[in-house]
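Understanding the architecture of this molecule
Here is what each chain is made of, one letter per residue.
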Amino acid sequence: MIYRKGVLFSAGLILLSLTLLSLSFLLFTTSMESSSDTARMAVADRINDEARSIENVYSGILSRHVNVTINRNNISFAETLPEGASENFFTAISRFETFAENNSEFSVALNTSLLQNRMPLTVMPNGITYTHENNFGGNETRIANASSVTAYTLNITMNKTGAINLRWLTLNEDAGGVRFSVEVKGLTGTSKYDSRVLSKTSISELQLETGGTQPQIFIGSSDDAGMLRVVNGNEDAMLLNITLSVGANKAVSVEFQKESINITSEEYNITRASAISIR
Amino acid sequence: MNSLYGSKGFVFSVDIAIGLVIVASILAMSSVYILSSEKSGISEIALRKTGSDIIAVMDYEGVLGTYNKTAIEGNLSSLIPFNMNMSMVINKYDTNGDFLDRLQINADLKKNYYSGRWMLAAFAGKVASNFYIVEYKVGFR
């Protein structure tokens, strides 16, 4: 009888000990997982900080060459065409790229070749692209994929003395098209202004008669509705300010091309890929 | 049957006592674990987020790029919550990536801190003049 009681007592103790051991093990593993999650979150935050700081530097470089401002659904791009200081832009971009890649505690890959070649900006969420066709520093700016643009407003200052005239070489007006307004002025003389509603799908061509090589503006295209192209073949740079109005219901932002910044922690297998945004 | 060691009551009592001790231990351990993990988690997140936001604001305002100890310390003291401390080291480089100088902002925090890094550039007109790496530490007072 005493022997049987001892066995039951021992079995009970063993079961309780096993329960206690299991709970301790569960607590230990949960604790380990929790501390591992905390470490991952800390690393993710550091990667996020690094990406934000790199984006901020690129935004700073960009804004010194193309000034982007967003006011509700109106986005303005102001630049010199062609950009005479484009070498400063290329140098700053490539030097910071090297600096960030060499000095990061993570694996940083910056893809800036497209940025340097055409400096494409994308208006989100509409997907309108603002690019430089013949390299940044070239003489052509193009706004494409622009069917959602409702109005263009251009303010152009030519580095010219004397009269500047506006002459339509091709004109396709359409009441259901895009409102196009342009004001051009030189260093002297009065400014010239024109405003019309033009077809998005048939091309209209406006020439700025400056006396030298004539800058041209193209609006609308059969294969790229709402497109706008400004070509300044003139040896004198123009100050170009383009404001486009879009019918967006969501907040508008302007981004460099997608996935220009990739930061990876190989130890924690965390990757952050992002575009540089201007909101 | 009358033996002290053979009584059912004694075994039952010992069994109950051990059970109670085990349950009490588990409850105590769980409470301590849950309370301590919640407290430290929230504190750490608060430190991380506050430090990161402060350094971002100082960059956006252009204060860090001045590389001026007085201006940076003044701006930092206006941003940091009263229950936190923050120190930073700003490493200055030229645009070729060569190290130039180092600036210590506030006394270096030695323990119980969260650390982070921030890169920035200073400009002279359209030209990038210097690159900086800020290594900051933030902790509770």
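Residues numbered from 1 in each chain as written. Chains lettered and ligands numbered in written order. Predicted model: local features only at pLDDT ≥ 70, side-chain atom pairs only at ≥ 80, totals over all residues. Heavy atoms only, no water.

1. So, the overall build of chain B
Quick note on the threshold: Segments assigned H or I by DSSP are reported as helices when at least four residues long, segments assigned E as strands when at least two residues long, and all are numbered from the N terminus. Exposed residues in this analysis have more than 50% of their type's maximum accessible area, buried residues have under 20%, and partly exposed residues fall in between, with area computed by a 1.4 Å probe over protein chains only. Contacts are residue-level and defined by heavy atoms, with any inter-residue pair within 4.5 Å sufficient.
Across its full length, chain B carries two helices and four strands. Taken from N to C terminus, the helices and strands of chain B fall in the order α-α-β-β-β-β. Buried residues in chain B amount to 35% of all 141 residues. Contacts in chain B between residues at least 24 apart in sequence constitute 58% of all its contacts with a sequence separation of at least 6.

2. So, the sheet that holds strand β16 (residues 261-265) of chain A
Residue and element names in this part refer to chain A. Short version of the rule: For two strands to be treated as a pair, DSSP must find at least two bridges joining them. Here the axes come from fitting lines to C-alpha atoms, over the contacting stretch only for helices, and the angles between their N-to-C directions go from 0 to 180 degrees.
Across the sheet, three strands lie side by side as β3-β16-β17; this open sheet has antiparallel pairing. The open sheet has two free edges, formed respectively by β3 (107-110) and β17 (270-274), since each of these has just one partner strand. Along the sheet, successive strands turn relative to each other by an average axial angle of 10°, direction set aside. Relative to β17, β16 runs antiparallel, the two being bridged by five bridges. Directly across from N262, in β17, lies its bridge partner A273.

3. Regarding the environment of E135 of chain B
Residue and element names in this part refer to chain B. As for its position among the elements, E135 is in strand β4 (residues 127-140). Sequence spacing of E135 and L100 is 35 residues, and the spatial spacing of their C-alpha atoms is 16 Å. Contacts of E135, omitting those with residues within four sequence positions, involve S87, M88, V89, N91, G116 and R117.

4. Topic: the confidence of the model for chain B
Cut-off, in case you're wondering: Known as pLDDT, the predictor's confidence for each residue is given on a scale from 0 to 100.
On average, chain B scores 86 in pLDDT, and the residues at 70 or more come to 89%. Here the complex is predicted with pTM 0.73, and the ipTM for its interfaces comes to 0.74.

5. Section: the nonpolar core
Heads up, the rule is: Here, nonpolar core refers to any group of buried Ala, Val, Leu, Ile, Met, Phe, Trp, Tyr and Cys residues whose side-chain atoms link them within 4.5 Å.
If you look at the biggest cluster of nonpolar residues, it comprises 67 residues, and the most contacted ones within it are Y152, L154, F180 and I217 of chain A. The element that contributes the greatest number of residues to this core is helix α1 (residues 2-63) of chain A, accounting for eight residues. Among all residues touching L154 of chain A, those that are not within four sequence positions of it are F180, S181, V182, E183, I217, L228, V230, L240, N241 and I242 of chain A. A42 of chain A together with V63, Y136 and V138 of chain B belong to the second largest nonpolar core, which has 26 residues in total.

6. With respect to the sheet that holds β4 of chain B
The strand order across the open sheet formed by four strands is β2-β1-β4-β3 (chain B), and the pairing between neighbours is antiparallel. Of all the strands in the sheet, just β2 (99-105) and β3 (113-124) of chain B have a single pairing partner and so form its edges. Shown here is a sheet whose adjacent strand axes are inclined to one another by a mean of 20°, direction ignored. One ladder, built from ten bridges, connects strand β1 (residues 84-93) of chain B with β4 of chain B; its direction is antiparallel. Of the residues in β4 of chain B, the one forming a bridge with I90 of chain B is V134 of chain B. Contacts from helix α2 (residues 86-103) of chain A reach β1, β3 and β4 of chain B within the one sheet, and its direction differs from that of β4 of chain B by about 35°. Contacts between helix α2 (residues 69-79) of chain B and the sheet are confined to β1 and β2 of chain B, with β2 of chain B contributing the most and set at about 40° to the helix.

7. Brief notes about the packing of aromatic side chains
What counts here: Stacked, tilted and edge-to-face pairs are distinguished by plane angle, under 30 degrees for stacked and over 60 for edge-to-face with tilted covering the rest, among Phe, Tyr and Trp rings (Trp via its six-membered ring) whose centres lie within 6.5 Å. Criterion for a charge above a ring: Arg CZ or Lys NZ at most 6 Å from the ring centre, at most 35 degrees from the ring normal.
Applying the stated criterion across every chain yields a total of nine aromatic pairs over all chains. Ring centres 5.7 Å apart and planes at 75° place the aromatic pair Y93 of chain B and F99 of chain B in the edge-to-face group. Residue classification places F99 of chain B among the partly exposed positions, given a relative accessible area of 43%. Grouping aromatic residues by their ring pairs yields a cluster made of Y58, F96 and F99 of chain A together with Y93, F99 and F131 of chain B. Over the ring of F123 of chain B we find R64 of chain A; its NZ or CZ atom is 3.8 Å from the centre of that ring. A cation over an aromatic ring shows up here: R229 of chain A above the ring of F218 of chain A, its NZ or CZ 4.4 Å from the ring centre.

8. Some thoughts on the interface of chain B and chain A
The condition is simple: What gets called buried area is simply the loss in accessible area from a 1.4 Å probe that two parts show on being joined, summed for both. By definition here, a salt bridge exists when the distance from a side-chain nitrogen of Lys or Arg to a carboxyl oxygen of Asp or Glu is within 4 Å.
Tallying the contact residues gives 41 residues for chain B and 37 residues for chain A. Carbon and sulfur atoms make up 63% of the surface buried where chain B meets chain A, a total of about 3,500 Å² over both sides. Contact with chain A buries area across many residues of chain B, yet R117, M119 and K126 of chain B alone supply 22% of it, more than any other trio. If you look at where chain B meets chain A, you find three salt bridges.

9. Focus on the environment of A144 of chain A
Residues and elements named next belong to chain A. Within the fold, A144 resides in strand β6 (residues 140-144). Judged by relative accessible area, A144 falls into the buried class, the value being 11%. Along the backbone, A144 and N241 are 97 residues apart, and their C-alpha atoms lie at a distance of 16 Å. In this structure A144 touches I128, T129 and D224, once residues within four positions along its chain are discounted.

10. Remarks on the pairing of strand β4 (residues 121-124) of chain A
For a regular strand, side-chain orientation follows a simple rule: the groups alternate between the two sheet faces. Residues and elements named next belong to chain A. With three bridges joining them, β4 and strand β5 (residues 128-132) adopt antiparallel strand pairing. Residue pairing across strands places V123 opposite I128, the latter belonging to β5. Counting the residues between successive antiparallel strands, the hairpin from β4 to β5 contains three residues, one of them, G127, with a positive phi of roughly 80°. Across three bridges, β4 lies against strand β15 (residues 253-255) in antiparallel orientation. In the strand pairing of β15, V123 is matched with V254.

11. Description of the pattern of salt bridges
Residues and elements named next belong to chain A. In the structure shown here, the tally under the stated rule is 14 salt bridges over all chains. R229 is the partner of E140 in a salt bridge, and the nearest nitrogen-oxygen pair spans 3.0 Å. One end of the pair, E140, is in strand β6; the other, R229, is in strand β13 (residues 228-231), with 89 residues separating them in the sequence. Measuring nitrogen to oxygen at the nearest pair gives 3.7 Å for the salt bridge that ties R196 to E173. Here R196 is found in strand β10 (residues 192-198), whereas its partner E173 is found in strand β9 (residues 173-185), with 23 residues between them in sequence.

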